[in-house]
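Spelled out from the first residue to the last, the chains are:
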Amino acid sequence: MTNQPSPARTPQDLNESITGGIGDSPLRPDGTLKVNGEFAYSSDLWAEDMLWGGTLRSPHPYARINSIDITEAVKHPGVYAVLTHEDVPGENVYGLKVADTPALASDIVRYKGEPVALVAADHPETARRALAKIVVDYDVLEPITDPERAAHDDTLPKLHPEHPGGNVVRYQPIISGDPEATADVVVSDVYTMGMQDQAFLGPESGLAIPAEDGGVDLFLATQWLHVDQKQTARALGLPVEKVRFTMSGVGGAFGGREDLSMQIHACMLALHTGKPVKMVYNREESFYGHVHRHPAKMYYEHGATKDGKLVYVKAKMYFDGGAYASKTPVVVSNATSLAVGPYEVPNVKIEGWGLYTNNPPCGAMRGLGAVQPGYAYESQMDKLAKALDMDPVELRQLNAVSQGSTMHTGQVLDSPAPVAELLQRLKDMPLPPQDAWKTADGQADVRGLPGGLSNTSHGEGVVRGVGYAVIIKNVSYAEGVDDYSTARVRLQAIGGEPVALVHTAAAEVGQGLITMKQQIVRSELGVERVTVAPADTNVGDAGSSSASRQTYITGGAVKTVCEAVREALFRLGRDKFGWTQTDLSLKGGKVVSAADGALAAVEEVLGDDVIEETREYHHLRTYPMDPVTGQSKRVHVQHAYAAHRAVVEVDAELGLVKVIQLDCAQDVGKAINPDAVIGQIQGGSTQGMGLAVMEEIKVKDGKIRNPSFTDYLIPTILDTPPMTVDVIERADPNSPYGVRGVGEPPTISATPAVVNAIRNATGLDLTHTPVSPEHICGVEPR
């Protein structure tokens, strides 16, 4: 069943007598367990007579496989299975958008870390030793590592000869207005962004158990149960119904669990051995075993009138997708369609390329495709403000979109777009005091200085900078994808009390999805007790926990099915008690008539009856971009907006940066759970700050040089600055309750705000993020 969104409802329309409903901030049912260290993650799974699986990975970014000799590995004591591509029972290829990734490499390896063989053994150390005995004969080939060259050099080898675009996964231009327009003031630069890792703490893991019907049950951490199920079933050569997936505890995701990792491998080993098989990646293997954020090179040019009105934007953007397509087509779509930011620009010429290379595969990561251009266009806005001698906030406000504005894709913004307001709210916030790192006697407290407790700076030459950024982000899937979610709700009386059970396949990856579903059921059905069934493939698809979509789409599904349950309950009451009223509602566990008051308790109406309904929720239809002009009447179902102000202090001599305040203003449409919303914004802000000053996977000649948390740095609590979060609610009339996606936007705007603040402090161009000490000190990083 397809349902169109209903208008937003005010809190007064909801059930005010129920605690823990919409607009409240109930405790998360998993929160205490996680804080206490008692929560069971997928890596904690265990089964009787369980084996351990391991993966042999390519040491080369690009090589031809001549032979694989497993003889000695099979002989190793404690080994139950050694499998190669010849043992893949179904199709040896899978992929999210393009089926181009082998379950196990057969003739070619295209990146360092690509899976080549599998082992199942009675102990993880036994598996590791057996893997070391597998002998693979490679012919090493020259890797393709430059994505810009891959886009234009036809003499390079085609990494996927079957792909019609050669090494171009997707090319998307967008042209609106006059692509050759000129302007009074022009600024341009070339911006690059390094490869960022999702850096989730829970490694890839799962437990596969062979079933009596010849199928397999897999308990795992993922972001999208049903798409994993379909891809795995094809590789196993089994009907989908014989491959059953159940969500286990997920230790973070941020897009890195959308692609398959150990799913096919664990199931293959379990079916081959007839025993449960557990696989858990170590940290180094995790760096090779999941996709990362696309590095990008972006050529930008902005033209404006002398009074600051934007005349045109031109951009060429290259996204390194690595060895396999993954989400590269979507990255190109999002990047080009959002490439000018939340600004009205009459003339636009954008070109975006997503490329195959022999670098590590890249795919989904928080802010998919919007992070890279957001850094570039917000850097450009500061550069343009400097050229015009204008206040950077006023320049942004002068050009800001609003409801009714037309994007460069031709899509009209049909819901509130309070961009100028967000910026003003930030500008009106008080700044932190100067020299806050000084003690009462004027000495330096190193804890408040760049470098912190390392005692590297004592305040000499420390300068302050302030930077702003505001961004636009699409919510949910786009370009004609029929994005939907399925929800099932059962209402029955247990122990003389109404109890609701809600069941979806939506992945709880730390964002608070379980609580959100409970809140909606409480508000819609007026019951206190709401149980959430484990997410699995026994209920319809809920789509991925990505694209800031679950509160919108799965929330919409839960709301819709609750409405169906409520109507069924009213029908039951009319049949049992002869009610004729048409003004019925549920409040405080009672059926209430607006005219006649409470008619009966819900448990009285139910008696021994059970009401169970299942519904799908589909958002408004979207349409693909034209492959030549990029025009579309609705590329995206919804847009979200966030703005940041960063305050930094920089020791320019040592190249050290300390972010001392990072404030955010964001429109969330409707805060279903205000505390969770603020938590999402704070977490996203911290992740964006990490990309600004420290997070980068270093890749040289196709090889990762820092695959560990020793050398890949992420912000800790000591790096995280104070944050003032200003949440505003401008309801989207097309979404359930008026909600707007929350999780991704703050990640996008935090990065350019921090970099703009460092520029403001130092006067440097800083065209690469993350900004390193070498960039600030003028030393070329090695």
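Below is a summary of the structure that appears in this document.

Basis of the calculations
- Residues numbered from 1 in each chain as written.
- Predicted model: local features only at pLDDT ≥ 70, side-chain atom pairs only at ≥ 80, totals over all residues.
- Heavy atoms only, no water.
- Phe/Tyr/Trp six-rings, centres within 6.5 Å; stacked < 30°, edge-to-face > 60°.
- Helix = DSSP H or I, 4+ residues; strand = E, 2+ residues; numbered from the N terminus.
- Buried < 20%, exposed > 50% of the residue type's maximum accessible area, 1.4 Å probe, protein only.
- Lys NZ or Arg CZ within 6 Å of the ring centre and 35° of its normal.
- Contact = heavy atoms within 4.5 Å.
- Polar contact = N/O pair within 3.5 Å; in protein donor to acceptor, adjacent residues only side chain to side chain.
- Pairing = 2+ DSSP bridges.
- Axes fitted to C-alpha atoms, helices over the stretch in contact; angles between N-to-C directions.
- Parallel < 35°, antiparallel > 145°, perpendicular 65-115°, else oblique.
- Left-handed = near helix turned anticlockwise from the far one by under 90°.
- Nonpolar A, V, L, I, M, F, W, Y, C, P; charged D, E, K, R; others polar.
- Expected span 1.5 Å × (residues − 1).

Here the focus is the packing of aromatic side chains. The full count for this structure, using the stated rule, is 13 aromatic pairs. Summarising the aromatic geometry, the rings of Tyr111 and Tyr324 are spaced 6.1 Å apart at their centres and angled 80 degrees between planes, so their arrangement reads as edge-to-face. Taken together, the residues span a long stretch of sequence, with Tyr111 in the loop between strand E4 (108-109) and strand E5 (115-121) and Tyr324 in the loop between strand E14 (310-320) and helix H8 (328-337) at a distance of 213 residues. For the pair Tyr111 and Tyr324, one class covers both residues: buried. Summarising the aromatic geometry, the rings of Tyr318 and Trp353 are spaced 4.6 Å apart at their centres and angled 5 degrees between planes, so their arrangement reads as stacked. Here Tyr318, found in strand E14, pairs with Trp353, found in strand E15 (residues 347-355); they are 35 residues apart in sequence, far enough to count as distant. Note on accessibility: Tyr318 and Trp353 belong to one class, buried. Site record: aromatic cluster; members linked through ring pairs are Tyr171, Tyr299, Tyr318 and Trp353. The ring of Phe39 carries the charged tip of Lys34 above its face, separated from the ring centre by 4.8 Å.

For the rest of this paragraph, the subject is the environment of Leu764. Summarising the element assignment, Leu764 is placed in the loop between helix H16 (745-762) and strand E29 (768-769). C-alpha of Leu764 to C-alpha of Glu378: the two residues are 386 residues apart in sequence and 15 Å apart in space. Among all residues touching Leu764, those that are not within four sequence positions of it are Arg759, His775 and Ile776.

On to the environment of Tyr318. In this structure Tyr318 comes out as buried when scored by relative accessible area, which is 4%. Between the alpha carbons of Tyr318 and Asp541 there is a distance of 33 Å; along the sequence they are 223 residues apart. Leave out the neighbours within four places in its chain, and Tyr318 touches Glu148, Ala151, His152, Pro295, Ala296, Lys297, Tyr299, Trp353 and Leu355. Side chain to side chain, Tyr318 and His152 meet in a polar contact 2.7 Å long.

Taken together, three strands build an open sheet; the order of strands is E20-E21-E22 and the sheet is antiparallel. Only two strands of the sheet have a single neighbouring strand rather than two, namely strand E20 (584-587) and strand E22 (597-601). Neighbouring strand axes in the sheet, compared pairwise and without regard to direction, differ in orientation by 35 degrees on average. Here helix H13 (residues 550-577) sits on the sheet and contacts E20 and strand E21 (590-593); the angle it forms with E20, its principal contact strand, is near 110 degrees.

Let us look at the packing of helix H10 (residues 392-399) against helix H11 (residues 419-428). For any two helices packed against each other, the geometry comes down to the angle between their axes and how far apart the axes lie. Contact geometry of H10 with H11 gives a least axis separation of 9 Å together with a crossing angle of 160 degrees. In terms of orientation, H10 lies roughly antiparallel with respect to H11. As H10 runs across H11, the sense of the crossing is left-handed. Of H11, the residues touching H10 (which contributes Val393, Glu394, Arg396 and Gln397) are Ala420, Leu423, Gln424 and Lys427. Of the residues contributing to the contact of H10 with H11, the split by class is three nonpolar, two polar and three charged.

Of all the five residues making up strand E11 (residues 243-247), four are buried; the element is thus mostly covered by neighbouring parts of the structure. Summarising the sheet, strand E10 (residues 216-220) and E11 pair through five bridges and their orientation is parallel. Paired with Asp217 across the two strands is Arg244, which belongs to E11.

Bringing H13 into the picture now. With 28 residues, H13 extends 39 Å from end C-alpha to end C-alpha; this agrees with the ideal 40 Å at 1.5 Å per step. H13 sits mainly inside the fold: 20 of its 28 residues count as buried. The first or second residue beyond H13 is Gly578, which carries a positive phi of 70 degrees.

Neighbouring strands of a sheet are bound in pairs by backbone hydrogen bonds; such pairs are parallel or else antiparallel. Taken in spatial order, the seven strands line up as E3-E5-E1-E12-E9-E10-E11 in an open sheet, and their pairing is mixed. Two strands in the sheet have a free side with no partner beyond their single neighbour: strand E3 (79-83) and E11. Mean inter-strand twist for the sheet, computed between neighbouring axes without regard to direction, equals 20 degrees. Pairing geometry for strand E1 (residues 51-57) and E5, over six bridges, is antiparallel. Looking at E5, one finds that Gly53 is bridged to Ala120. Strands in contact with helix H3 (residues 124-131) are E1, E3 and E5; relative to E5, the strand with the most contacts, it is inclined by about 140 degrees.

So, about the side chain of Ser476. On the secondary structure map, Ser476 appears in the loop between strand E16 (462-475) and strand E17 (484-494). Setting aside its immediate chain neighbours within four residues, Ser476 contacts Asp483, Ala547, Arg549, Ile553, His619 and Val637.

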